[in-house]
There are 2 protein chains.
Amino acid sequence: MQNPVGRRDRPAYDRASLLEVAVVVFNERGYDGTGMEELARRLGLSKSSIYHHVSGKEELLGLAVGRALDALFAVLDEVPDPAATATERLAHVVHGSVEVLAAELPYVTLLLRVRGNSAVEQQALDRRREFDHRVAELVSRAAAEGGVRDDIDPHLISRLLFGTVNSLIEWYRPDGGLPVATLADALTAVLFDGLRAGPGS
Amino acid sequence: MQNPVGRRDRPAYDRASLLEVAVVVFNERGYDGTGMEELARRLGLSKSSIYHHVSGKEELLGLAVGRALDALFAVLDEVPDPAATATERLAHVVHGSVEVLAAELPYVTLLLRVRGNSAVEQQALDRRREFDHRVAELVSRAAAEGGVRDDIDPHLISRLLFGTVNSLIEWYRPDGGLPVATLADALTAVLFDGLRAGPGS
């Protein structure tokens, strides 16, 4: 397919809009499979025009996965109520992560596909591990305070929680008719209270 | 990397062992990114020797994803106890799917990455949809009998259940020290009974 924007009518990009297109291309073709030529073609720019904004595709990847990670850590660092229990904070982190995933879908998708073949990718994997570690700590504190079951390893619980959240990238589309609030409520309810009908229902 | 098996000492393959190697290569490089030359190199065979066993890489893909799908449908069709409720059957399907995923990890991984660019891939996607549909039906029956909460759409519950199960391909390794029975029990317990400590714990 040809880019609809011809050479004589080049679009004006800033770093944010350039990043937006680059992330779509990375997700379609894979980061490793995308060259600067392809990026330039899809942007309707020359390669040198791209280099005016960024040093190369690795910087674009760093900006993109950094955006996803910053949004996820912001949820973790948010303390809406200082009196909240660890269990309430954990539920807040799970719910908020679904909202981040929906709001930053292409950026989170790219993040979750990073495999670690470069310094930028290694750094992203390190930050993902740090995030997982902090969630597992929160699960441990929630179990210690008696809010969360203590018969399953906190790291395994943390993996199951974020396995469920992350699996949404495979099918959730924000414009598909399921409001993100409904999705986040349902996911949090199933994971915290289970699928079984309660005794009162 | 060179294949350790030299040209003069070609390994003997049957279809099953040839498939086993092909699936590893497809998962590493992507199905679309794998050519018959690469397959031949990794197998230590000539291309014509491969064509002695299969008609091409599409047949290999069909055999591989068919194996994963057959194992998943077998769990769905198993009726261990004819008197089992729909809720018990649903829990059995979730638990059994984790066991299939662990036992057939490379085949299920390949299946979950199929995107539908060929007839074989379209057929695999059709069978996946059929599986999802039958799970959603089971959720509806479980809700109708009062075993499963009815405040969340059965299709959404089905997606969340299998989102959690399928996310295991991202991190679970059968030789990594976590027994599959422990994993299947924990996943089923969290999804059905929730993360919250029960009143009696």
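Analysis parameters
Residues numbered from 1 in each chain as written. Chains lettered and ligands numbered in written order. Predicted model: local features only at pLDDT ≥ 70, side-chain atom pairs only at ≥ 80, totals over all residues. Heavy atoms only, no water. Helix = DSSP H or I, 4+ residues; strand = E, 2+ residues; numbered from the N terminus. Buried < 20%, exposed > 50% of the residue type's maximum accessible area, 1.4 Å probe, protein only. Contact = heavy atoms within 4.5 Å. Lys, Arg positive; Asp, Glu negative; His and termini not counted. Charge placed at Lys NZ, Arg CZ, Asp CG, Glu CD. Domains from an automatic or database assignment. Buried area = accessible area lost by both parts, 1.4 Å probe. Salt bridge = Lys/Arg side-chain N within 4 Å of Asp/Glu carboxyl O. Polar contact = N/O pair within 3.5 Å; in protein donor to acceptor, adjacent residues only side chain to side chain. Nonpolar A, V, L, I, M, F, W, Y, C, P; charged D, E, K, R; others polar. Phe/Tyr/Trp six-rings, centres within 6.5 Å; stacked < 30°, edge-to-face > 60°. Lys NZ or Arg CZ within 6 Å of the ring centre and 35° of its normal. Core = buried A, V, L, I, M, F, W, Y, C linked by side-chain atoms within 4.5 Å.

Chain A is annotated in an unreviewed UniProt entry as TetR/AcrR family transcriptional regulator of Streptomyces pseudovenezuelae.

## Structural notes on the overall build of chain A
Along chain A, the regular secondary structure elements total 9 helices and 0 strands. Ordered by position from the N terminus, the helices and strands of chain A form the series α-α-α-α-α-α-α-α-α. Here chain A holds 201 residues, and 48% of them are scored as buried. Looking at chain A alone, contacts between residues at least 24 apart form 66% of all its contacts between residues at least 6 apart. The average position of the 22 basic charges and that of the 29 acidic charges among the side chains of chain A differ by 9 Å.

## Digging into the domain arrangement of chain A
Residues and elements named next belong to chain A. Partitioning chain A into structural domains gives domain 1 (15-57) and domain 2 (66-193). Here the C-alpha centroids of domain 1 and domain 2 sit 29 Å apart. Between domain 1 and domain 2, the contact holds 7 residues from the first and 7 residues from the second. If you sort the residues of domain 1 by the area they bury against domain 2, Val23, Asn27 and Tyr31 come out on top, with a joint share of 62%. Taken together, the links from domain 1 to domain 2 amount to 0 salt bridges. Scanning the region where domain 1 abuts domain 2 turns up 4 residue pairs in polar contact (both at pLDDT 80 or more). Split by residue class, the side of domain 1 that touches domain 2 holds 4 nonpolar, 1 polar and 2 charged.

## Digging into the packing of aromatic side chains
Two aromatic rings, taken as a pair, are described by how far apart their centres are and by the angle between their planes. Residue and element names in this part refer to chain A. All chains considered together, the criterion is met by 8 aromatic pairs over all chains. Arranged with centres 5.0 Å apart and planes meeting at 80°, the rings of Phe26 and Tyr31 form a pair that is edge-to-face. Here a set of aromatic residues connected by ring pairs shows up, and it is made of Phe73, Phe131 and Phe162. One Lys or Arg, Arg67, reaches over the ring of Tyr107 and ends 4.0 Å from the middle of that ring.

## Quick word on the interface of chain B and chain A
Of the residues lining the interface, 32 residues belong to chain B; the matching set on chain A comes to 32 residues. Across the chain B/chain A interface, buried area totals approximately 3,000 Å², and carbon plus sulfur atoms make up 65% of it. Ranking the residues of chain B by area buried against chain A places Arg149, Leu195 and Arg196 of chain B at the top, with a combined share of 24%. In this structure, Arg115 of chain A engages Glu170 of chain B in a salt bridge whose closest nitrogen and oxygen atoms are separated by 3.2 Å. Connecting chain B to chain A are 17 residue pairs in polar contact (both at pLDDT 80 or more). Of all the elements in the fold, those that place two or more residues in the side of chain B that touches chain A are α5 (86-103), α8 (154-167) and α9 (180-193) of chain B. Grouping the constituent residues of the side of chain B that touches chain A by class yields 19 nonpolar, 7 polar and 6 charged.

## What to know about the nonpolar core
By size, the foremost hydrophobic cluster in this structure holds 138 residues, and its most contacted members are Ile50, Leu90 and Leu161 of chain A together with Ile50, Leu90 and Leu161 of chain B. The residues touching Ile50 of chain A, leaving out its near neighbours within four places in the chain, are Leu18, Met36, Leu39, Ala40, Leu43 and Leu45 of chain A.

## Considering the pattern of salt bridges
This model, assessed by the stated rule, comprises 26 salt bridges over all chains. One salt bridge in this structure joins Glu38 of chain B and Arg42 of chain B, with 3.7 Å as the shortest N-O distance. One end of the pair, Glu38 of chain B, and the other, Arg42 of chain B, are both in helix α2 (residues 36-43), 4 residues apart, so they sit about a helical turn from each other. By relative accessible area, which is 13% here, Glu38 of chain B ends up buried. Take Arg42 of chain B: its relative accessible area is 25%, and that puts it in the partly exposed class. For Arg127 of chain B, the salt bridge identified is with Asp70 of chain B, shortest N-O distance 2.9 Å. Of this pair, Arg127 of chain B sits in helix α7 (residues 119-144) while Asp70 of chain B sits in helix α4 (residues 57-77), and the two are 57 residues apart along the sequence. Taking relative accessible area as the criterion, Arg127 of chain B reaches 29% and is therefore assigned partly exposed. Salt bridges here are not isolated pairs; linked through shared partners, they connect Glu28, Arg29, Glu38, Arg41 and Arg42 of chain A.

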